[in-house]
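# Observations on the model geometry
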Amino acid sequence: MSKTVLLADDDQLLASLLNFRLKKGGYVVHHSANGKEVKEYLKNSMPDIIVSDIMMPYCSGIELIDYVRNELKSNTPIIIISSAGNEQNVLTAFELGANDFITKPVSPTELLVRIAREVEK
Amino acid sequence: MLIPPNQIKISLITAPEFNLEYLWWLTILFFVLAVIYFIGVFVIRNNINTNNHRTKDKKIEFSPMINEFLFFEDSNSKEEKMNYLNLKVTIRELIKNDFDRNVLTEVLLDLRKDLSGESQSVLIKLYKDLGLHHDAYKKIGSRKWQVVSSGIVELTTMEVDESYGLIIKFINHRQSTIRKQAEIAVVNLREEGIKYFLDNTKFKIAEWQQLKLLDVLRHKPNYTPPQFALWLTSTNTHVVLFSLRLIKYYSQNGAEQSIITLLKHKNRDIQAEAIECIKDFHFVSALTTLKLVYSKASHDIKIAILDAIGELGTIADVPFLENLQLTERHFNIKGKVIGTLNKIDPERIMPTKNISRSDFYKTEPNIDSHYVEDEVISESIIEEPLENIVVVSDEEIIIETVDVTDNGNGIVAAEEELKVAIIEEDCIENLEEQSDNIIDSTTINTEVVTNIDEIDLSFLPHVHHETEWVEKNKIEEEKLELKQHIDEELSIDFLPLVTAEIPIKAPVSTFTQEEFEPLFELDDDYSEHKKVIETAILNDVIPTKEIESIDWSSIIANNNLNTTIEVGDDLNPFDSLEENAVFVANFMPQEELDTMVLLENIAELGDCRELTILHEIANNNTSDLVIERANELITKFSYETPRPSELFSGENALAESVFTDIYNLADQETKLILLNEIKSIGDEKEIHLLESIIKTASEKLVEQATEALEYIKSQLEITEQPETETEERSLFEVDFELELNESIKRRIASNDNGSTLFDQLCSLSNSLYKKKNG
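The structure displayed is predicted, hence computed values, not measured ones. (Residues numbered from 1 in each chain as written. Chains lettered and ligands numbered in written order. Predicted model: local features only at pLDDT ≥ 70, side-chain atom pairs only at ≥ 80, totals over all residues. Heavy atoms only, no water.)

Residues and elements named next belong to chain B. Between helix α8 (residues 176-189) and helix α9 (residues 193-200), the shortest axis-to-axis distance is 6 Å and the interhelical angle comes to 140°. By the angle between their axes, α8 is oblique relative to α9. Seen from α8, the contacting residues are Glu183, Val186 and Val187; seen from α9, they are Gly193, Ile194 and Phe197. Grouping the constituent residues of the contact of α8 with α9 by class yields four nonpolar, one polar and one charged. (Axes fitted to C-alpha atoms, helices over the stretch in contact; angles between N-to-C directions. Helix = DSSP H or I, 4+ residues; strand = E, 2+ residues; numbered from the N terminus. Parallel < 35°, antiparallel > 145°, perpendicular 65-115°, else oblique. Contact = heavy atoms within 4.5 Å. Nonpolar A, V, L, I, M, F, W, Y, C, P; charged D, E, K, R; others polar.)

Okay, here's the thing in structure tokens:
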């Protein structure tokens, strides 16, 4: 059974590209363009892994981690993608329970490997 | 209908008439303009939105195509390959439209920023395959600088290295944005771009631009930097500066001499960067040039040079720094010089500012261990320099000195201080001699050393043994402290001049302690003096031979004491001084002194109520001085002012004189004045007073009183003679007319103070008043 990936990114081009690559990699991908959609989705179903951009409308990637870990009490792996490799963001993300952190530019192949690793854990 | 302006009547008194039609026309005009404006805004906004929507739609349309292109693999199925070929055909059809071309370019540029790795390479390849770079070339040819700039950015982002030849033309463009984009493009597109840029750029390279260029170079894969030392000779100072930074970044230390030469560059930034390079590459050979350049460098450069000397310098550079320490006036630079000195030679210069003296801490009695440590250190300080320090200058040497302690045997401590001072002087001389001997033992030319006193060597820096510099510093500090200490301790201005009244011919050892009566006692200084000097002797700081060679007898003889001191060869001179030396003076015993003080207090403040204690003192004391003073006071306080009835009775002969009361209450000087006045104005009433004075008073008063008495008596004899004549006359022959005789007239005329008794008393009181007020 293929794993489900929740891809949360407001950048349509990159999301589409990653979506394409993940689907090609054998994952079922659900794309959400903002935080509201992500939360709505998570209330109904929990994916095998969450890949989220750190900057999103309505709900940032950091808030999403907090929501998943503290409100939903879920241990679902979360990979954060950020355009700015700000040390504080990285530390905060890991403190709140992010499993991995990738900075842009992203190599889709590399992301696929990381997702696979986290899912297998 | 409009009214011609010349028909409009404007009255200066009434408000001007305004045609309403004209107003309506204006309103309509503005309304129309507003509508046009809003329509224009609406249309433009709609167009922008439409374009955005179209672009967005196009992007969504292009996105799966691009995804297919990016992630196409040869291993794909035939269907996928067929799909890929169809997409290629479709996209080529699409890009025939300019809008679509622009959207596709935009998509590829966006994705280029977000993707890395193989996807990025495929993306760039796709861009070139689709021939989108030709649009960028067209942009470069545009007249608008922003279009040119965007074209250069596009070509740079998509790494179209074929555009290199086109872009290099813009590196000296007058428009700074184009120029800067061209610089980055040239450096980015080809490896040799940086060389071309450094060779040809004529403009300033801003700091931010330098950082961006360095970032470009840093991220270039497999980049082999050229030898940037080649551009150190550039006429563009910014190129030289950037080259120095690149040299430092890529650690190209092959241009040592060029970098050292740049220390003499007129540009401060280049100087500073060269110093940084020298420091990083540890070019020790640059030290000479650094020192050479220092004198004419700016403050910042001076500090940078000092920092470099601190990194590279050795002990050989210490004289240069010491010279700077003396000559530099700028606070920061002087601080840096000291810091550099300490960096080369750690703790060469110890902190001196705002440091409390050791005395400050000696008030705490319980810290014995601290005392012991201090003593040990000071002793070691005294020991060390004699062996190791080469004293070149004629600097004063002050040895560890002394605190004078209690002289229990009654020896005057001040004399001991004097002796200690003399000993110290001798010791200093010995130390100097010894230092000279040490110099002899070093490698310094003997002739130079022997002539060293004759040559003014003040310009030379102090030369110290390399390993002993810390001790030398401590010694110098100790010297200063000790000098102050000696000045304080041995100041003997307060001492009385001690002279010998009793010549002592017998050996000193025969004197007993009771024979010496110390006038005062000093603190425990003498024993401390002795202790410290003994410690010094034990530690061979003051060689025993040197102390033995001191002529102690002559020292004491100089004080005119006429004492015989036996100083044997084996005898410690201090012991002999302590036990045998006698300093004789007729000092008043403490008890007697106290009594005298008491008597003086009674004399000043007391009255007849103190007679009892005065009698007691006079009876119990054996001292003549005390007894005499007590009797004086008894006499003074025994006098009781007679009552008026007694004053005028015939029994009280003394009471006849108006001077009696004043005389008995007056002091010696006042009494003399009174006697003088009595002589001038006195009559037979003062005879009894004068006679009593002659009987009891001191020699001087007696003399004055006798003179006054004789004078009064002689005056009385003169006046008595005519009286005898008048007695013989009959009562009726008496001349009732008041007439003063000639002698009285003469006296009155000669006397400035007046003729009557009242006048005389007034003048007396005036003279007393004058005397009192000095």
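All right, on to the UniProt feature "transmembrane region" (unreviewed entry) in chain B then. Under the feature "transmembrane region" (unreviewed entry), the UniProt entry names residues 22-44 of chain B. Across residues 22-44 of chain B one finds 100% helix and 0% strand; the C-alpha atoms that close the span lie 33 Å apart. (UniProt positions renumbered as here; feature names shortened; annotations may be inferred.)

Right, let's talk about the interface of chain A and chain B for a bit. In this assembly, 13 residues from chain A lie in contact with 17 residues from chain B. Taken together, both faces of the contact between chain A and chain B bury some 1400 Å²; the carbon and sulfur share is 62%. For the chain A face of the interface with chain B, the top three residues by lost area are A:Leu13, A:Leu17 and A:Phe20, together amounting to 42%. Joining chain A to chain B, the criterion identifies zero salt bridges. Looking at which element gives the most residues to the side of chain A that touches chain B, the answer is helix α1 (residues 12-24) of chain A, with seven residues. Classifying every residue of the side of chain A that touches chain B gives seven nonpolar, two polar and four charged. (Buried area = accessible area lost by both parts, 1.4 Å probe. Salt bridge = Lys/Arg side-chain N within 4 Å of Asp/Glu carboxyl O.)

Here the focus is the pattern of salt bridges. Residues and elements named next belong to chain B. In this structure the tally under the stated criterion is 29 salt bridges over all chains. Among the salt bridges present, the one from Lys279 reaches Glu276, with a minimum N-O distance of 3.4 Å. Residue Lys279 and its partner Glu276 are both found in helix α13 (residues 268-281); the two are separated by three residues, about one turn of the helix. Looking at Lys279, the relative accessible area reads 16%, which means it is buried. By relative accessible area, which is 27% here, Glu276 ends up partly exposed. (Buried < 20%, exposed > 50% of the residue type's maximum accessible area, 1.4 Å probe, protein only.)

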